[in-house]
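# Topology and contacts: notes
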Amino acid sequence: MNIDALEQTLQTLVAKPDPEAFLYDLLLAYDLPKASITRLQKGDYNLEKKRSNVVLWKQKLYYRYERHLDLHALIDAVKQDATIARHSPRFLILTDLQHLVAVDTKTQDTLDIALADLPKYFDFFLPWAGMEKQQFQSENPADVKAAERMGRLYDPRQDYENPLAINNSER
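What counts as what
Residues numbered from 1 in each chain as written. Predicted model: local features only at pLDDT ≥ 70, side-chain atom pairs only at ≥ 80, totals over all residues. Heavy atoms only, no water. Axes fitted to C-alpha atoms, helices over the stretch in contact; angles between N-to-C directions. Helix = DSSP H or I, 4+ residues; strand = E, 2+ residues; numbered from the N terminus. Parallel < 35°, antiparallel > 145°, perpendicular 65-115°, else oblique. Left-handed = near helix turned anticlockwise from the far one by under 90°. Contact = heavy atoms within 4.5 Å. Nonpolar A, V, L, I, M, F, W, Y, C, P; charged D, E, K, R; others polar. Expected span 1.5 Å × (residues − 1). Buried < 20%, exposed > 50% of the residue type's maximum accessible area, 1.4 Å probe, protein only. Arc of directions from axis to C-beta. Phe/Tyr/Trp six-rings, centres within 6.5 Å; stacked < 30°, edge-to-face > 60°.

In contact at an axis separation of 10 Å, helix H2 (residues 22-29) and helix H3 (residues 34-42) are set at 165° when each is read in the N-to-C sense. On the basis of the axis angle, H2 is roughly antiparallel to H3. Here H2 and H3 pass one another in a crossing that is right-handed. Only Lys34, Ile37, Leu40 and Gln41 of H3 make contact with H2, whose side of the interface consists of Tyr24, Leu27 and Leu28. Taken together, the residues of the contact of H2 with H3 sort by class into five nonpolar, one polar and one charged.

A positive phi angle, near 45°, is found at serine 88, a position not held by glycine. Its place among the elements puts serine 88 in the loop between helix H5 (82-85) and strand S3 (91-95). Unusually for a residue other than glycine, glutamine 108 sits at a positive phi of about 65°. Inspection of the secondary structure assignment puts glutamine 108 in the loop between strand S4 (99-104) and strand S5 (110-114).

Here we take up helix H1 (residues 3-15). With 13 residues, H1 ought to run about 18 Å at 1.5 Å a step, and its terminal C-alpha atoms sit 18 Å apart, in line with that. Within the span of H1, buried status applies to Leu6, Leu10, Leu13 and Val14. Buried residues along H1 cover an arc of 85° about the axis, so they all sit on one side. Summarising the geometry of H1, the exposed residues directed more than 90 degrees from the buried face are Asp4, Gln8, Thr12 and Ala15. Looking at the buried positions of H1, the neighbouring elements they touch are H2.

As a further point, take the environment of valine 14. By secondary structure assignment, the location of valine 14 is in helix H1. Each C-alpha atom of the pair valine 14 and leucine 118 lies 7.4 Å from the other, and the pair is 104 residues apart in sequence. Beyond its immediate chain neighbours, meaning those up to four positions away, valine 14 contacts Leu115, Ala116, Leu118 and Pro119.

This paragraph deals with the packing of aromatic side chains. Both the distance between ring centres and the angle between the ring planes are used here to describe each pair of aromatic rings. Within this structure, the stated rule accounts for nine aromatic pairs. On the numbers, 5.8 Å between centres and 15° between planes, the contact of tyrosine 45 with tryptophan 57 is stacked. On the criterion of sequence distance, the pair formed by tyrosine 45 in the loop between H3 and strand S1 (54-57) and tryptophan 57 in strand S1 is long-range, its members being 12 residues apart. Here tyrosine 45 falls in the partly exposed class, since its relative accessible area comes to 25%. Taken together, the ring pairs in this structure connect Tyr30, Phe91, Phe124, Phe125 and Trp128 into an aromatic cluster.

See below:
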C-alpha cells in the first residue's frame, strides 16, 4: 500500500462524498478485497438487515450514516450496545458526511474530525490494511532502579554521590 496514493484517494473521496458509496469507497482505499466489499454491499456480510443506513461487518466495522441525530451521543450508545458488541467490530464509525466520529475498539483510540480532514488522519484505519499501530509502554520504575544499581556495580569509575561524574584519579 502506497501512503501517498492512499492520501490522494481519501482527498478525492471526501471532496464529494456519496452517502450510498462512502463506506465502500473508504474500504477500497485501504485495499480490502473487492469481492468482500461487493458481498458487503449486496448484504451477504452485512449483519444489519433492518436499517439501510447501517452496516455491521463481523469483526471489521460498524458504520452508520446519520443526518439528524447527534453523532457524539450516538457513538456512546453504540459503544454500550450489547448486540453490536457481540459481533466485535474493530471500528465504530458514524458520519453525517460533514463530520466523522470513530472508535478503534481494540486500542480505544478515538477520532472526532471534520470529514474533510480525513486524509490527515489516514493512519487511524491502517489496521484494515494490516498495519497495526505500535503501543509503547513506559519503563517500569523498578526496572530503571535495578539497571542503575547494576551499572554502579559493574562501573568502578562511577561516583556514588554524582552518577555522572567520573573519578579524576583514574584519568
